[in-house]
Each structure stands twice: as structure tokens, then as C-alpha cells.
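Listed below, chain by chain, are the residues.
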Amino acid sequence: MKNTIVVIGSSNVDMIMKMERLPRKGETITDANFVQTFGGKGANTAVGAARAGGRVAFVNAVGEDAYTPMMVENFIKDGIDCRYIFHEKGIASGHALVMIGGEGDNYLSVAPGANYRLDQKKIDQCIELLKNASYVLLQNEIPNDTNSYIIELAHSLQIPILWNFAPAKKRDLQSLEKVELLIVNETEAEFLAEKNFNKNCGYEDIAKCILKKGPKNVIITLGKSGVFVWHETCKGHIPAFAVEAIDSTAAGDIFCGCIAVQLTEGKDIADAIRFASAASALSVTRLGAQPSAPLRKEIDDFLSANTFR
Ligand code: RIB
């Protein structure tokens, strides 16, 4: 049985400043707290899925800097197959500057570094891995051409593709036709639909606009308002769990990883969303990207103790 979740994407060294509120343009905020953690949308997804009980392989390119050995060591500790992490010379790994305000809202700026060295030749080396994938998970922090190439390849191998279209990026959207499940937040949904949410254009309208572009199914994540899903087997709004959020960084990445874990285990999309929403809810109560990803037992305990708001 194909049961390996293959995440192909970025890893970053995250430099985090947590402050009472986010600065306005040109403003300096003093008295922030600094924390260095590991992130990157691909890596967060892989760690989220592995801690939630998935069998995970991570395909990524890292560079040469003081943080990288520790970053890769952490993936190994989480039980992630790191055979296809490519070590590049003469370049740093990806780095992200993350500013977090009082309510867990954030600003992010990313320097891709070695992530942009993940090219088609490297993907060709992963074909055997791809053949055993239950799902291939993608985001938008590696070159567009590489993502398009992976989508063609995975589709030809009949491996379902889950694409977290984050961050929203101008690109050729033809590949969307080969995507089994597209996951977007509100900003990314508006970008793809080429329409804004307003009183005459609700979640269903936006979801239908996105589906016209080709993906089979779509989930729009809405933060503390839950998710809106338009799937062959489940349609509508699903609420979130009520928690005290301190940092929303990586909540979406962890959500995607957990959806893949549940679908690989044969759960239906409604159960997968409930499980992934619990994992995201736990993650926003903790600071940092990868440090916030919960373990399977924590998710199961949370689900037994909580109901949707
Ligand atoms: O989604 C959160 C992630 O986005 C951070 O960990 C940061 O590295 C950026 O890639």
C-alpha cells in the first residue's frame, strides 16, 4: 500500500520578534522578544504530518550556514525520511523574518536561499520515492517551474496532489487541473478567484471561481472562523475550535500536513478537517513554527476534550 506522505518544499531558519502589537510603516517598536526557531512552509508541513503520526519523506534543498545542521537533525528526530534533502554549497538555507503582534497576527519576509536550488534534476532523483507516495504535498516557496514539473510527474504516476497555494504567487495556473485538493487561506483564495469577499460574494462563490480553474476540491482556511470546504463528499462551513491564540505562524502548514495524514489513513474529508483543525488550534497556542506542531496524542486528547465552537 502507498502510505508515504511526500512533502516537497522549503525549509527556513525563522527569526522571530514577538511584540505587543505589529508596527505601522516606518515605526520602530522596542521591547520585543527574540526567538530563533525552524520553519519554512514545506518543513512545517512535513513536521506537522510526522508528529501527527504520518510516515513522511521531505524533499528540500538546504545551504551552508550555522543553523542548517541543527535544522536537519530536528527532522531526523521527528522520524522524517531526509534522504532527499540536498545539501548545496556556497549559499545559505532559506531564512524568514517573522514579526508577531499581540493577537498572534504576523508579518513575514522570506529569503529563499537554497530553496530555489530545488530544480527538476533533483526531482528526477526522487522518482522511486514518488512512486510510493500516498500524497504529494506542495506549497509556493520553491521555484514555480519545479512545482509545475512535480505536478506533471506526480499526475503521470497517479499520485494525488495536495497543493497549499501559499504564499499566493503570480504563475501559470494550468497545473491546477491536475490537483486533487487545493488548500488556500482567504488572501490566497481571493488571489486565485480574482475576486474579493464581500456581502455579494461569499465563500461558496469564491470556492466555485477557484474550482473553475481546475482543482478537483478546495478548502479555504478562515483562521478562528474555521474552514470552508467544497469537496466531492462534503460541502460548507466547518467551525474552528476556540483557543487563546498567541502565534498563528505555521497553523496552515500544520493543517495541510494533518489533512494528508488522515486521508492516508483512509478517513473521509470531514474527519480529516476536524483532526487538522484540532492540530492547528493547538499550534496557535504555542510560539514558533515547528515547535508548535502537536504530537498525535496531544491531538487525540484535544479532540476528546473539545467540541467545535
Ligand atoms: O507558514 C509559515 C512559514 O512561512 C514560516 O515558518 C516561514 O519560514 C515562512 O516560510
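Whatever comes next refers back to the structure up there.
For the structure given in this document, a descriptive report is provided here. Note that the structure is a prediction, hence the values are computed from the model and not measured.

## Brief notes about the overall build of the protein chain
Counting its regular elements, the protein chain contains 10 helices and 13 strands. Computed over C-alpha atoms, the radius of gyration of the protein chain comes to 18 Å, within 12% of the 19 Å expected from 2.2 N^0.38 for 309 residues, which places it in the range of a compact globule. When the backbone C-alpha atoms are referred to their principal axes, the protein chain occupies close to 50 × 50 × 40 Å. With 309 residues in all, the protein chain has 55% of them scored as buried. Across the protein chain, the fraction of contacts at a sequence separation of at least 24, relative to all contacts at a separation of at least 6, is 68%. Carbon together with sulfur atoms contributes 51% to the accessible area of the protein chain, which is approximately 13700 Å² in total. Computing the positive centroid from 33 side-chain charges and the negative centroid from 37, the protein chain places the two 3 Å apart.

## Some details on the site of the ligand
Near the ligand there are 14 residues, and of these Asp14, Gly40, Lys41, Glu141 and Asp253 occur at the shortest range. The separation between an oxygen atom of the ligand and a polar side-chain atom of asparagine 12 is 3.0 Å. At 2.7 Å, a side-chain N or O of glutamate 141 approaches an oxygen atom of the ligand. Only strand S2 (12-18), helix H1 (41-51) and strand S7 (106-111) provide two or more residues apiece to the shell around the ligand. Across the shell around the ligand, the residue classes tally to 5 nonpolar, 5 polar and 4 charged.

## Some details on the nonpolar core
For soluble globular proteins, nonpolar side chains are generally found buried alongside one another. Ranked by internal contacts, the top residues of the largest apolar core, which has 54 residues, are Phe75, Ile80, Leu162, Ile219, Ile259, Ile273 and Ile299. Here this core takes 9 residues from helix H9 (residues 269-284), the largest share from any one element. Not counting the four nearest positions on each side in its chain, isoleucine 299 is found in contact with Ala52, Cys258, Phe275, Ala278, Ala279, Leu282 and Pro294. Ranked by size, the runner-up nonpolar core spans 43 residues in total, among them Ala61, Tyr84, Trp163 and Phe165.

## Regarding the environment of glutamate 194
Relative to the helices and strands, glutamate 194 resides in the loop between helix H6 (186-193) and helix H7 (203-212). Exposure remark for glutamate 194: the relative accessible area of 65% places this residue in the exposed category. With 105 residues separating them in the primary sequence, glutamate 194 and isoleucine 299 have C-alpha atoms 35 Å apart.

## Structural notes on the sheet that holds strand S8 (residues 133-138)
If you walk across this open sheet you meet the 9 strands as S5-S4-S1-S8-S9-S10-S11-S12-S13, and the pairing is mixed. Each end of this open sheet is capped by a strand with a single partner; those strands are strand S5 (85-87) and strand S13 (234-238). In this sheet, neighbouring strand axes are inclined to one another by 15° on average, regardless of whether the strands run parallel or antiparallel.

## Details of the sheet that holds strand S6 (residues 94-100)
Taken in spatial order, the 4 strands make up an open sheet running S3-S2-S6-S7, and their pairing is mixed. Every other strand in the sheet has two partners, leaving strand S3 (33-39) and S7 as the edge strands with one partner each. Sheet twist, expressed as the mean angle between neighbouring strand axes with direction ignored, is 20°. Sheet topology note: the S2/S3 ladder contains 7 bridges and is antiparallel. Note on S3: the bridge partner recorded for methionine 17 is phenylalanine 34.

## As for the side chain of glutamate 88
Checked against the element boundaries, glutamate 88 lands in the loop between S5 and S6. According to the relative accessible area criterion, glutamate 88 is buried, its value standing at 14%. Polar contacts involving the side chain of glutamate 88 include one to the side chain of lysine 122, which spans 3.3 Å. Not counting the four nearest positions on each side in its chain, glutamate 88 is found in contact with Ala61, Val62, Gly63, Glu64, Ala114, Arg117 and Lys122.

The rules behind the values
- Position numbers for residues count from 1 along each chain, tracking the sequence in the order it is written.
- Given that this is a predicted model, residues contribute local features only at a pLDDT of at least 70 and side-chain atom pairs are listed and counted only at 80 or more, while totals for whole chains, interfaces and linings are drawn from all residues.
- Calculation of side-chain values draws on the structure's entire complement of heavy atoms; hydrogens and water are dropped beforehand.
- Secondary structure is summarised from DSSP: a helix means a run of H or I of at least four residues, a strand means a run of E of at least two, and numbering begins at the N terminus for each.
- What the globule rule says is 2.2 Å times the number of residues to the power 0.38, and the radius of gyration is computed from C-alpha atoms.
- Only protein chains enter the accessibility calculation, which uses a 1.4 Å probe; a residue is then buried when its area is under 20% of its type maximum, exposed when over 50%, and partly exposed in between.
- Whether two residues are in contact is decided by their heavy atoms, any of which lying within 4.5 Å being enough.
- For the area figures, the Shrake-Rupley method with a 1.4 Å probe applies, and any residue is considered shielded solely by the protein chains shown.
- Under the counting rule used here, the positive set is Lys and Arg, the negative set is Asp and Glu, and His together with the chain ends is not counted.
- For this purpose, a charge sits on NZ of Lys, CZ of Arg, CG of Asp or CD of Glu.
- Being near a molecule or strand, for a residue, comes down to having at least one heavy atom within 4 Å of it.
- Under the rule applied, a polar contact is a pair of N or O atoms within 3.5 Å (in protein, one hydrogen donor and one hydrogen acceptor; residues adjacent in sequence only if both atoms are side-chain atoms).
- Under this grouping Gly is polar, as are all residues other than the nonpolar Ala, Val, Leu, Ile, Met, Phe, Trp, Tyr, Cys and Pro and the charged Asp, Glu, Lys and Arg.
- Definition of nonpolar core: a set of buried residues of the types Ala, Val, Leu, Ile, Met, Phe, Trp, Tyr and Cys, connected through side-chain atoms within 4.5 Å.
- At least two DSSP bridges between two strands are needed for those strands to be called paired.
- A fitted line through C-alpha atoms serves as each axis, taken over the contacting stretch for helices, and the angle formed by two N-to-C directions is quoted from 0 to 180°.

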